[in-house]
Amino acid sequence: MQKFNLAFYIFFSLSSFVYAQQGSKSLDVDFRQAGILQIINDLKIKTGYHFYYDPALFDSLRVTLTINQKSLDIILDKTFENTPYHYAITDQQEVILTKGLRISTNLVPGFFDNNASQVQVVTEVPVTDYNVEEKKKIPEATTENKLYEIGMRTNNIKPGTANLAGYIKNARSGEG
């Protein structure tokens, strides 16, 4: 009977440890005009998660927030509410922070299934073009806008003289 109790206690302890590691741990945060570095350091200490982000994209973010006994995903939802910032939490205890674009950490259903007939498409999400620049018209390559290089390319430029001889003519009219 003691062996059963011991085994039950070990199993219960391990299962609660694994449950706490999956991001459901309740956290308390209190941010007052906190920048991204303060937010990340606080959450990193409290969760043990690794955060990946570009500090230059988050330099203007300031957060004032007080939350008690909530999970990491709820805290991040409230932190980035009404902002262009998003997050994705991976299974490897990593958090990826982005600005403007959302990252999905889940594969579509049936990705690894070889039987394509069983795959069901739930909904189609319209693809958004995130190209900031409009398509520029590329000029056509003609003899008028070509660049002709004379001589050998080198990083070691030495002073000296060169003689260049030839004729320059208009390609359309043939005039000099």
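Residues numbered from 1 in each chain as written. Predicted model: local features only at pLDDT ≥ 70, side-chain atom pairs only at ≥ 80, totals over all residues. Heavy atoms only, no water.

*Asks:* Outline the pattern of salt bridges, listing residues and values.
*Replies:* One pass over the structure, following the stated rule, counts 3 salt bridges. One salt bridge connects Asp30 with Arg32, and the closest N-O pair in it is separated by 3.2 Å. (Salt bridge = Lys/Arg side-chain N within 4 Å of Asp/Glu carboxyl O.)

*Asks:* Summarise the confidence of the model for the protein chain; cite the residues concerned and give the values.
*Replies:* Of all residues in the protein chain, 68% attain a pLDDT of 70 or more, and the chain-wide mean is 75. Mean pLDDT across the elements of the protein chain ranges from a minimum in helix α1 (residues 2–24), with 46, to a maximum in strand β2 (residues 50–52), with 93. For the stretch residues 4–23, pLDDT sits under 50, and the model shows 8 contacts to residues farther than four places along the chain or on other chains. (pLDDT = per-residue confidence, 0-100. Helix = DSSP H or I, 4+ residues; strand = E, 2+ residues; numbered from the N terminus. Contact = heavy atoms within 4.5 Å.)

*Asks:* Quick one: what's the story with the environment of Val95, residue by residue and with numbers?
*Replies:* Positionally, Val95 belongs in strand β5 (residues 94–99). Judged by relative accessible area, which is 0%, Val95 ranks as buried. Remark: the alpha-carbon pair of Val95 and His50, spanning 45 residues in sequence, is separated by 6.1 Å. Leave out the neighbours within four places in its chain, and Val95 touches Tyr49, His50, Phe51, Tyr52, Leu72, Leu76, Tyr87, Ala88 and Ile89. (Buried < 20%, exposed > 50% of the residue type's maximum accessible area, 1.4 Å probe, protein only.)

*Asks:* Could you give an account of the environment of Gly48, with specific residues and numbers?
*Replies:* Within the secondary structure layout, Gly48 lies in the loop between α2 (36–47) and β2. Residue classification places Gly48 among the partly exposed residues on the basis of a relative accessible area of 43%. In this structure the C-alpha to C-alpha distance between Gly48 and Glu94, which are 46 residues apart in sequence, comes to 9.0 Å. Residues contacting Gly48, with those up to four places away along its chain left out, are Leu43 and Gln93.

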